[in-house]
Amino acid sequence: MCGIVGYIGTRDAYPILINGLKRLEYRGYDSAGVALVTENGEINLYKCKGKVKNLEEFVSNSDLSGHVGIAHTRWATHGEPNDVNAHPHYSHSGSIAIIHNGIIENYAVLKEALMENGYEFKSDTDTEVLVNLIEYVRMTNNCSLLEAVQGALKQVIGAYAIAVVEKGNPKEIIAARQSSPLVVGIGKGEFFLASDASPLVEYTDKVVYIKNGEIALLNIDSPLKVVDFDNVESKVNVKKLEMSISQLEKGGYPHFMLKEINEQPKTITDCIRGRISPDSFEVKLSGIIDHADKFLNARRIVFVACGTSWHASLIGKRMIEEYCQIPVVVEYASEFRYSNPVICDKDIVIAVSQSGETADTLAAIELAKSKGAFVFGICNVIGSSIARETDSGVYLHVGPEIGVASTKAFTGQVTVMAMIALTVAKEKGTISEEKAVTIARDLYRLPKVLEKVLTLNNQIADFVKRFTYAKNFIYLGRGYNYPTALEGALKLKEISYIHAEGYPAAEMKHGPIALIDQDMPTVAIAVTDHVYEKVVSNIQEVKSRGGVVIAIVAEKDEIVSKMADFCIKVPSLSECLMPIVVAVPLQLFAYHIAVCKGLDVDQPRNLAKSVTVE
Ligand code: G6P
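Computed from a predicted model, the values in this text were never measured in an experiment.

**Student:** So what's going on with the overall build of the protein chain? Residues and values would help.
**Tutor:** Secondary structure assignment for the protein chain yields 20 helices and 25 strands. Here the protein chain has a C-alpha radius of gyration of 25 Å; the compact-globule value for 614 residues is 25 Å, and the two agree. Taking the principal axes of the C-alpha coordinates as reference, the protein chain spans close to 80 × 55 × 45 Å. A buried classification covers 62% of the 614 residues belonging to the protein chain. A total of about 23200 Å² of accessible surface is found on the protein chain, and carbon and sulfur atoms cover 49% of it.

This is the structure in structure tokens:
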């Protein structure tokens, strides 16, 4: 988490940095700051607690000149979110300023050693330790800033993307990465750097993804140079950026989340484009076909993921087990990485991540690889670390997701999982032609179906007003829609701060039923599937204990519609695709409750979209 941005060139750096920070605010918004290097090499550093707009107000009467600068938006790890702990941080003498995304794990030992050498610290951050270490190396060895960065990073254990500027040196920014993302944009006589490509998109489409253990030298008088910690130069691999500004703006919607919910018919179209034949309904994912032997001989598939991606994986598990007859387990990446999993070269590990940067998922991939597994990635962000670290994979192609609560990425992930299941099942011969065509045809119909589901917006916006009082919700679902219940509850928690629990409907009897009363509403998913009758009984159990039920049902439903207090009616598709259909009203439900409560939907408290620390 944390977003970093930098600029060096001939334009005024400040507006570029501020706009960049706004694009990266999804990565954290506890505090923000900027350091500008003036023509004569002075550094002006401004930082304060709160969001980027607070920083803009804070600096409104300050000297913002300079064509070189670095800036940061923070998600606090070490030290509370206040003005002092905000980045950039100065070194002890004030000669070097740094921004940092990540965690320096051995900061305590380094800090102690620096204190013994007379260094004093103003903040509680690990970052201030790093900038002082750079200064210490520079001074004791009388070396260049680059050599000092290299010397310091050799002593550091942890994850970082950093950028440093130095007093008296208005021609250079030095940036480095280890396990936190870093992209450099190349313009005409100018360079940009950022945690992802979104701050660069209006200036250049030429980007270089800096790799682990690499240092980028952004010097105004020279082409981009990339070296490692031992100064061995690597080839600069320039990529074309496929992203447009309109994808990064709200497009008339009050919030990114609402825009992204409404985009889903289009994002599903983009996700299936070229992968399902419109005539034969044959599904083909080249990332699978190219490694068909791995999938045909797989002993087991292990999904590793976090948050919403973990919920999508639970749905993927059901699909793959049902149609491919391969045993599947779903692991939280954060648990998997510290376990001793029984994995061998006959296993496939599928890492699922919207951002492609989640630290725990990356660590899980590393562990899986060390055990010989074939690692497959399902990511949204093109060129992200997970996409690069995996042996093969498939992109979601749903476009940048900016709202912190994941919406279109979830439906994209489930769509991709269905296409994976169909591709593998076809290769293995474990699905009938008829079934495969029915599901593929339904995938093809999904965008139209979602357009219809989105017309429920006003109905949902209206009836949620009655539920803003609630302190707790329970979400019930079974089969394919048990994970959808988990995801619905997560959406509500994330943006409305209402406690919500997702539960397999029948398990409710083993505990949560004790909580049911008129003050704790139940959201029940009761669409037409093979467990429908069972869910009906579960809803009955809630009703007979005085519970209020909001049910998501099929358009033709006659039973639950009579029992429930509120009904949301959705079209029916193949059972395995219903989580996609059901997810949309659940997203709208959470969205409208949060709006009614006057909360910051796109930037909910304490959360960050890209969790690059463990
Ligand atoms: C954070 C985000 C969630 C996301 C999770 C995993 O918690 O707020 O929306 O599901 O990280 O992120 P990933 O990018 O790996 O899918």
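Once the structure has been displayed, the description carries forward.
**Student:** Could you give me a rundown of the packing of helix α7 (residues 264–272) against helix α15 (residues 433–454), with the residues and numbers involved?
**Tutor:** Packing of α7 against α15 leaves a shortest axis separation of 8 Å and a crossing angle of 170 degrees. With respect to their mutual orientation, α7 and α15 come out roughly antiparallel. Note on element contacts: α15 touches α7 through L443, Y444, L446, P447, L450, E451 and L454, opposite Q264, P265, I268, T269 and I272. Broken down by class, the residue content of the contact of α7 with α15 amounts to nine nonpolar, two polar and one charged.

**Student:** Tell me about the site of the ligand, residues and numbers included.
**Tutor:** Residues in contact with the ligand amount to 13 residues; listed here are only the nearest, S309, S353, Q354, S355 and T358. The backbone of Q354 places a nitrogen or oxygen atom 2.7 Å from an oxygen atom of the ligand. Interatomic distance of 2.6 Å between a side-chain N/O atom of S355 and an oxygen atom of the ligand. Protein burial of the ligand: of its 390 Å² of free accessible surface, 90% is covered by the chains. More than half of the atoms of the ligand fall within 2 Å of the grid points belonging to the second largest pocket. It is helix α10 (residues 307–324) that provides the largest number of residues to the shell around the ligand, a total of three residues. In terms of residue class, the shell around the ligand is built from four nonpolar, eight polar and one charged.

**Student:** Outline the packing of helix α14 (residues 408–428) against helix α20 (residues 578–596), supporting the account with residue identities and numerical values.
**Tutor:** It is the contact of α14 with α20, at a shortest axis distance of 10 Å, that shows an interaxial angle of 175 degrees. Classed by the angle they form, the pair α14 and α20 counts as roughly antiparallel. Listed contacts from α20 to F410, T411, V414 and T415 of α14 are P579, I580, A583 and Q587. Looking at the contact of α14 with α20 residue by residue, the classes come out as five nonpolar, three polar and no charged.

**Student:** A description of the state of the cysteines should follow, citing residues and the corresponding values.
**Tutor:** Under the defined criterion, the tally for this structure stands at zero disulfides. C344 takes part in no disulfide bond, and the closest cysteine sulfur, belonging to C324, lies 19 Å away.

**Student:** Go over the pairing of strand β2 (residues 31–37) with me, naming the residues and quoting the values.
**Tutor:** Within β2, seven of the seven residues are buried, leaving the element largely enclosed by the surrounding structure. Burial along β2 is two-sided: S31, G33, A35 and V37 facing one way and A32, V34 and L36 facing the other are all buried. Two elements, β2 and strand β3 (residues 43–49), share seven bridges in a ladder whose sense is antiparallel. Bridge pairing in β3 places V37 opposite I43. The loop that links β2 with its antiparallel partner β3 comprises five residues; one of these, G41, has a positive phi angle of about 85 degrees.

**Student:** Please provide a residue-by-residue account of the sheet that holds strand β19 (residues 374–379), values included.
**Tutor:** Spatially, β17-β16-β18-β19-β20 is the arrangement adopted by the five strands of the open sheet, whose pairing is parallel. The sheet terminates laterally at β17 (328–332) and β20 (392–395), the two strands that pair on one side only. Along the sheet, successive strands turn relative to each other by an average axial angle of 20 degrees, direction set aside. Relative to strand β18 (residues 347–353), strand β16 (residues 300–305) is paired through six bridges, and the arrangement is parallel. Looking at the pairing, R300 lines up with D347 of β18. Contacting β16, β17 and β18, α10 runs over the sheet at an angle of about 175 degrees to β17. The sheet strands contacting helix α12 (residues 359–370) are β16, β18 and β19, and the helix crosses β18 at an angle near 170 degrees.

**Student:** Residue-level account of the sheet that holds β3, with values.
**Tutor:** Within a sheet, neighbouring strands are paired by backbone hydrogen bonds and run either parallel or antiparallel to one another. Across the sheet, which stays open at both edges, the eight strands sit in the order β3-β2-β4-β1-β10-β9-β11-β15 with antiparallel pairing between neighbours. Edge strands, defined here as strands with exactly one partner in the open sheet, are β3 and β15 (239–240). Relative to strand β1 (residues 3–8), helix α1 (residues 13–24) is tilted by about 160 degrees, and along the sheet it contacts β1, β2, β4 (68–74) and β10 (191–194).

**Student:** Let's hear about the pattern of salt bridges: which residues, and what values?
**Tutor:** Applying the stated criterion to the full structure yields 27 salt bridges. The partner of D221 in a salt bridge is K171, and the shortest N-O contact between them spans 2.9 Å. With D221 in the loop between β12 (214–219) and β13 (225–228) and K171 in strand β8 (residues 169–178), this pair connects stretches of sequence that are 50 residues apart. Taking relative accessible area as the criterion, K171 reaches 39% and is therefore assigned partly exposed. We note a salt bridge from K259 to E263, for which the minimum N-O separation is 3.4 Å. In this pair, the class of K259 matches that of E263, namely buried. It is possible to trace a salt-bridge network through shared partners that takes in K259, E263 and K408.

**Student:** Before we move on, could you go through the packing of aromatic side chains and cite the residues and values that matter?
**Tutor:** In this structure the tally under the stated criterion is 16 aromatic pairs. Arranged with centres 5.4 Å apart and planes meeting at 80 degrees, the rings of F467 and F566 form a pair that is edge-to-face. Of this pair, F467 sits in the loop between α16 (457–463) and β21 (472–477) while F566 sits in strand β25 (residues 566–570), placing them 99 residues apart in sequence. Grouping residues by exposure puts F467 and F566 together as buried. One aromatic cluster is present, formed by F463, F467, Y469, F473, Y475, F566 and F589 through successive ring pairs. Sitting over the face of the ring of Y29, K51 holds its NZ or CZ atom 5.1 Å from the ring centroid.

So, how was this worked out
Within every chain, residues take consecutive numbers counted from 1 along the sequence as written. pLDDT decides what is reported in this predicted model: residues at 70 or higher carry local features, side-chain atom pairs at 80 or more are listed and counted, and totals for whole chains, interfaces and linings draw on all residues regardless. As a rule here, side-chain values cover all heavy atoms of the structure and leave hydrogens and water aside. Helix numbers and strand numbers start at the N terminus; a helix is a DSSP run of H or I with at least 4 residues, a strand a run of E with at least 2. What the globule rule says is 2.2 Å times the number of residues to the power 0.38, and the radius of gyration is computed from C-alpha atoms. The buried label applies to any residue whose accessible area, calculated with a 1.4 Å probe on protein chains only, is under 20% of its type's maximum; exposed applies above 50%, and partly exposed to all values in between. What sets the accessible areas is the Shrake-Rupley method with a 1.4 Å probe; for residues, cover comes only from the shown protein chains. Each axis is a line fitted through C-alpha atoms, taken for helices only over the stretch in contact, and angles between the N-to-C directions span 0 to 180 degrees. Working definition: roughly parallel below 35 degrees, roughly antiparallel above 145 degrees, roughly perpendicular at 65 to 115 degrees, and oblique for all remaining angles. Whether two residues are in contact is decided by their heavy atoms: any pair within 4.5 Å suffices. When residues are grouped by polarity, Ala, Val, Leu, Ile, Met, Phe, Trp, Tyr, Cys and Pro land in nonpolar, Asp, Glu, Lys and Arg in charged, and all others, Gly among them, in polar. When we say a residue is near a molecule or strand, we mean one of its heavy atoms is within 4 Å of it. For this analysis, a polar contact is any N or O atom pair within 3.5 Å, provided that within protein one partner can donate a hydrogen and the other can accept it, and provided that sequence-adjacent residues contribute only side-chain to side-chain pairs. Definitions used throughout: a 1 Å grid over protein atoms alone; a cavity as a set of points that fits a 1.4 Å probe which cannot get out; a pocket as an open set with protein on both sides within 12 Å along at least five of seven lines; a lining residue as one with an atom within 4 Å of a point. Pocket occupancy is defined atom-wise: a molecule lies in a cavity or pocket when more than half of its atoms are within 2 Å of its grid points. The disulfide definition used here is simple: a pair of cysteine sulfur atoms within 2.5 Å. At least two bridges found by DSSP between two strands are what make those strands a pair. Salt bridges are counted wherever a side-chain nitrogen of Lys or Arg sits within 4 Å of a carboxyl oxygen of Asp or Glu. Here the aromatic set is Phe, Tyr and Trp, taking the six-membered ring for Trp, and pairing holds for ring centres within 6.5 Å; pairs whose planes are under 30 degrees apart are stacked, those over 60 apart are edge-to-face, and all others are tilted. A ring has a charge above it when a Lys NZ or an Arg CZ is no more than 6 Å from the ring centre and no more than 35 degrees off the ring normal.

In short, the description is geometric, and any link to function would need to be established separately.
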